[in-house]
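# Observations on the model geometry
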Amino acid sequence: MTVTSKTKTLLVSLVVFAGLAAAFGYWRFGRSIEVTVATARQGAVPLRVLGPGTLQARTAVSLASRINASVVEVLADVGHSVRKGQLLVTLDDRESSARLAAVQGQQGAVARNIESARATVAKAQAELELTQSKQRRDAELQKQGFVSQAVVDSSTAALRSAQAGIDAAKASLAAREADATTVAQEARAAGVSLTYTRLLAPIDGMVIQRLAEPGSTVLTGSPILKLVDPATLWVAMRVDESVLGQIRVGQRAQVRLRSGETLGGQVARIGRQSDAATRELDVHVTLDSPPQQFAIDQEAEVSITTGEKTGIVVPLAALTKDRAGQPGVMVVENGRTHFRAVTTSGADDAVVRVTAGLTEGETVVGNASGVRANQSVRMAQPR
């Protein structure tokens, strides 16, 4: 190849390179892009205390057996809503029924014994009255000289025997009546024991656990069903001791369940016992309405609004970072963007509070995603 050809080739390459450089320079620095802008202004952002929590219920009960028996039927399952007094479980009642029948039989026998004892008392009373009359008559005759002292002594002894007889009869009647009281108490106990074979719902609520099935044997105190009242659901939130002074009963809160459902609520109770290991304590947040789907001990994220701070605010989407990872915003000056490092403190879903690096009235890119520093921009027209 001649020198002239090489020179032409070099010149063409330089022209192409220059053209590419010019195109890149225009694309990088001369091309104007459309952006939304916002003005740094005075505003307020809420102060929040954040923390994890678990869904609990203030009213939670276990329906447990009060006797040793076999389960005959379970009439409610997990997820079922039940009403107070509704029959939920039946247990084998044969032993309790037999015991009640036996005690009722004893009551009949005791009643007959009482009637017999009362008859004995009546007979003894009649004998006493007869001996009293005879003793008075003999004593009068002895004064008149018609009978001897021995006859009077005999009638007096008979009177004492009749008095002892009625005392014994009355004691026997009292014993039979005491037996009746004891048997009546046993009958009541047997009747109560029989009612233990039919377990009723103690509250209006929902079944969250079923722990026994028909045919299984349960012991006294064994839980069969667990129920909660959905209207009493709340979240037990764990907070650090350091933020305790910021929290007050009645403050509004937002609860996000792990299922994704978000609910409003408010602080209902602040714990007074801190964990010695974690230095955390419980704050209970009630819910404005029960969740559509829930599980006890379900995880949740809780945000309590404890107040607000005022200052310069810009849209949350205006925040970006430079290559070093430093946070800042894209300030718009003379139609070009300039990265400005800022310090922030507090934000909500829409705006962020800037405490340093920006003054009121400055214009920033409202959504800094994809916008670079030193880029020509133009304001987006309202649609």
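Residues numbered from 1 in each chain as written. Predicted model: local features only at pLDDT ≥ 70, side-chain atom pairs only at ≥ 80, totals over all residues. Heavy atoms only, no water.

### Describing the pattern of salt bridges
- According to the stated counting rule, one finds 15 salt bridges in the structure shown.
- Residues Glu-177 and Arg-118 are paired through a salt bridge, measuring 3.8 Å at the closest nitrogen-oxygen approach. A residue pair is termed long-range when its members are at least 10 positions apart, and Glu-177 in helix H3 (residues 149–195) and Arg-118 in helix H2 (residues 94–144) qualify at 59 residues.
- Accessibility expressed as a relative area gives 40% for Arg-118, which makes it partly exposed.
- The partner of Lys-134 in a salt bridge is Asp-138, with the nearest N and O atoms 2.9 Å apart. One end of the pair is Lys-134 and the other is Asp-138, both in helix H2 and 4 residues apart, which spans about a single turn.
- One network of salt bridges, in which partners are shared, links Asp-77, Arg-210 and Glu-213. (Salt bridge = Lys/Arg side-chain N within 4 Å of Asp/Glu carboxyl O. Helix = DSSP H or I, 4+ residues; strand = E, 2+ residues; numbered from the N terminus. Buried < 20%, exposed > 50% of the residue type's maximum accessible area, 1.4 Å probe, protein only.)

### Quick word on H3
- Helix length check: H3 (47 residues) gives 69 Å between terminal C-alpha atoms against 69 Å at 1.5 Å per residue, within 8%.
- Among all positions of H3, only Val-152, Ser-155, Thr-156, Ala-162, Ile-166, Ala-169, Leu-173, Val-183, Ala-187, Ala-190 and Ser-193 are buried.
- In this structure, the buried residues of H3 make contact with H2. (Expected span 1.5 Å × (residues − 1). Contact = heavy atoms within 4.5 Å.)

### Notes on the sheet that holds strand S9 (residues 205–210)
- Overall, antiparallel pairing links the 4 strands, which are arranged S4-S11-S9-S6 in an open sheet. At either margin of the open sheet sits one strand with a lone partner, and together these are strand S4 (60–64) and strand S6 (81–82).
- Pairing of S4 with strand S11 (residues 223–228), which is carried by 5 bridges, proceeds in the antiparallel orientation. When the sheet's bridge partners are listed, Ala-60 is paired in S11 with Val-228. (Pairing = 2+ DSSP bridges.)

### Considering the UniProt feature "domain: CusB-like beta-barrel" (unreviewed entry) in the chain
- As recorded in UniProt, the sites labelled "domain: CusB-like beta-barrel" (unreviewed entry) are residues 232–306.
- Secondary structure within residues 232–306 divides into 0% helix and 52% strand; the distance between the first and last C-alpha atoms comes to 24 Å. (UniProt positions renumbered as here; feature names shortened; annotations may be inferred.)

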